[in-house]
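Fold and contact review
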Amino acid sequence: MNRAHLIIQAKTSIERGSKSFARASKLFSKRTRERAWLLYYWCRACDDLADGQDHGHGMSAIANPGKTIAAMRMTTVRAHGGEQTGNPPFDAFGVVAQECGIPKNLADDMIDGFALDARGWRPETGNDLFQYCYHVAGAVGCMMAVVMGVSVRDQEVLDRACDLGLAFQLANIARDVAEDAEAGRCYLPKSWLAEAGIDPDHIMDPANRAALITLVNRLCDLAGDYEASARVGASSLPFRSRWAVLAAAGIYGDIARAIKQSDGASLKQRIFTSKGKKLGWILKAFGQALMKSARRDRQGLWTRARTNRPA
């Protein structure tokens, strides 16, 4: 399948899988927008394969998760090397990886996150939580930065791009606590649960509601910290990419803010933000992109290990 057809399928995928990201991606220049769609197409397909979903919906059990992850790795390696695999999302990744020089280890890092889920992993500590968030979202932030023209040697900007991925994933975890529990998953660290007096195998017990809300709010506050850090890195991007990143940060950041304001409603229903608020962020982000972001130190924030950094 040629590049033009892959772009059409990638556009359809992002519009089905994430209206927020689809809307923000339209702010990119044409070339960057197409590359962002191609990368998203592969990320979405890998996530769906790992969770037995269709564009993030309808989670189902995978008969042989280890075999699924192994096949995902092999097909990604082939695509990254420039081989036509016959699997459109992976071929899309091959195109964008070749065009932008996306390091293979970043793709490996993302798949490592799906491998953790495949074996029923749960975080013991806050550090474990951040490491997981890096794998499934921070590494994607780094790849997106490369797509936007950031050098793989510019570690400071890549760290800020990773921060945006962490912010997104922390918001996702806060939003999906109840849904994950129903599927037998829990991303709240066992150490946090122990401190709150919550049995990790019965987190949705009504007696835990007040303590659980406190932990969900903790995730939301952390998402805000990493969103603020990511905004600093956006100042290093070309204007249209900066605009898109700031819009996405605001749109997704509003999810975490809405969850915290819901006072536990997120434990009963999925929290959404309105189309009007999303459009509002596109306008607001335009003004923010015209101004230089205030400098903010990353002190105290989790940072990728050197072994995870692109060569």
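Attention in this report is confined to the structure presented alongside it. (Residues numbered from 1 in each chain as written. Predicted model: local features only at pLDDT ≥ 70, side-chain atom pairs only at ≥ 80, totals over all residues. Heavy atoms only, no water.)

**Some thoughts on the overall build of the chain**
A count of helical and extended segments in the chain gives 13 helices and zero strands. Element order for the chain, N to C, with α for helix and β for strand: α-α-α-α-α-α-α-α-α-α-α-α-α. Its C-alpha radius of gyration of 19 Å places the chain within 12% of the 19 Å reference for a compact globule of 311 residues. C-alpha extents for the chain along the principal axes are approximately 55 × 50 × 35 Å. For the chain, the residues scored as buried account for 56% of the 311 residues in total. Contacts in the chain between residues far apart in sequence, at least 24 positions, make up 73% of those at least 6 positions apart. (Helix = DSSP H or I, 4+ residues; strand = E, 2+ residues; numbered from the N terminus. Rg over C-alpha atoms; globule rule 2.2 N^0.38 Å. Buried < 20%, exposed > 50% of the residue type's maximum accessible area, 1.4 Å probe, protein only. Contact = heavy atoms within 4.5 Å.)

**Let's talk about unusual backbone geometry**
We note that D263 has phi near 55°; this positive angle belongs to a residue other than glycine. Within the secondary structure, D263 is located in the loop between α12 (239-261) and α13 (275-290).

**A few points about the side chain of N208**
Here N208 is to be found in the loop between α10 (190-196) and α11 (209-234). When its relative accessible area of 12% is taken as the criterion, N208 is described as buried. Those residues in contact with N208 that lie beyond four places of it in its chain are G197, I198, H202 and I203.

**Points about helix α8 (residues 155-175)**
Relative to the 30 Å expected for 21 residues at 1.5 Å per residue, α8 spans 30 Å between its end C-alpha atoms, a close match to the ideal helical length. With 19 of 21 residues buried, α8 is to be regarded as a mostly interior element. (Expected span 1.5 Å × (residues − 1).)

**Here we look at the nonpolar core**
Formed by 105 residues in total, the largest nonpolar core has its most connected members in L39, W42, F93, I102, M143 and L170. If one sorts the elements of this core by residue count, helix α7 (residues 126-147) sits on top with 15 residues. Contact partners of W42, with chain neighbours within four places excluded, come to T76, P89, F90, F93, A107, M110, I111 and M143. (Core = buried A, V, L, I, M, F, W, Y, C linked by side-chain atoms within 4.5 Å.)

**Let's talk about a nonpolar patch on the surface**
Judged by side-chain polarity, F286, L290 and M291 come together as a nonpolar surface patch covering roughly 330 Å² of accessible area. Tracing the sequence through the fold places L290 in helix α13. (Patch = residues over 30% accessible without salt bridge, like charges linked within 9 Å, V, L, I, M, F, W, Y side chains within 5 Å. Areas by Shrake-Rupley, 256 points an atom, 1.4 Å probe, with all protein chains shown as cover. Salt bridge = Lys/Arg side-chain N within 4 Å of Asp/Glu carboxyl O.)

**Observations concerning the packing of aromatic side chains**
A complete count under the given rule lists twelve aromatic pairs for this structure. An angle of 45° between the planes, with centres 5.4 Å apart, marks the rings of F21 and F168 as tilted. On the criterion of sequence distance, the pair formed by F21 in helix α2 (residues 19-25) and F168 in helix α8 is long-range, its members being 147 residues apart. Judged by relative accessible area, F21 falls into the partly exposed class, the value being 24%. Ring centres of W121 and Y132 lie 5.3 Å apart, and the angle between their planes is 25°; this geometry places the pair in the stacked category. Taken together, the residues W121 in the loop between α6 (104-118) and α7 and Y132 in helix α7 connect sequence positions eleven residues apart. Of the two residues, W121 and Y132, both sit in the buried class. An aromatic cluster is defined as three or more aromatic residues linked by ring pairs; in this entry it consists of F130, Y134, Y226 and W302. One residue, R218, lies across the ring of W192, its end atom 3.8 Å from the ring centre. (Phe/Tyr/Trp six-rings, centres within 6.5 Å; stacked < 30°, edge-to-face > 60°. Lys NZ or Arg CZ within 6 Å of the ring centre and 35° of its normal.)

Read these as spatial facts, not as claims about activity.
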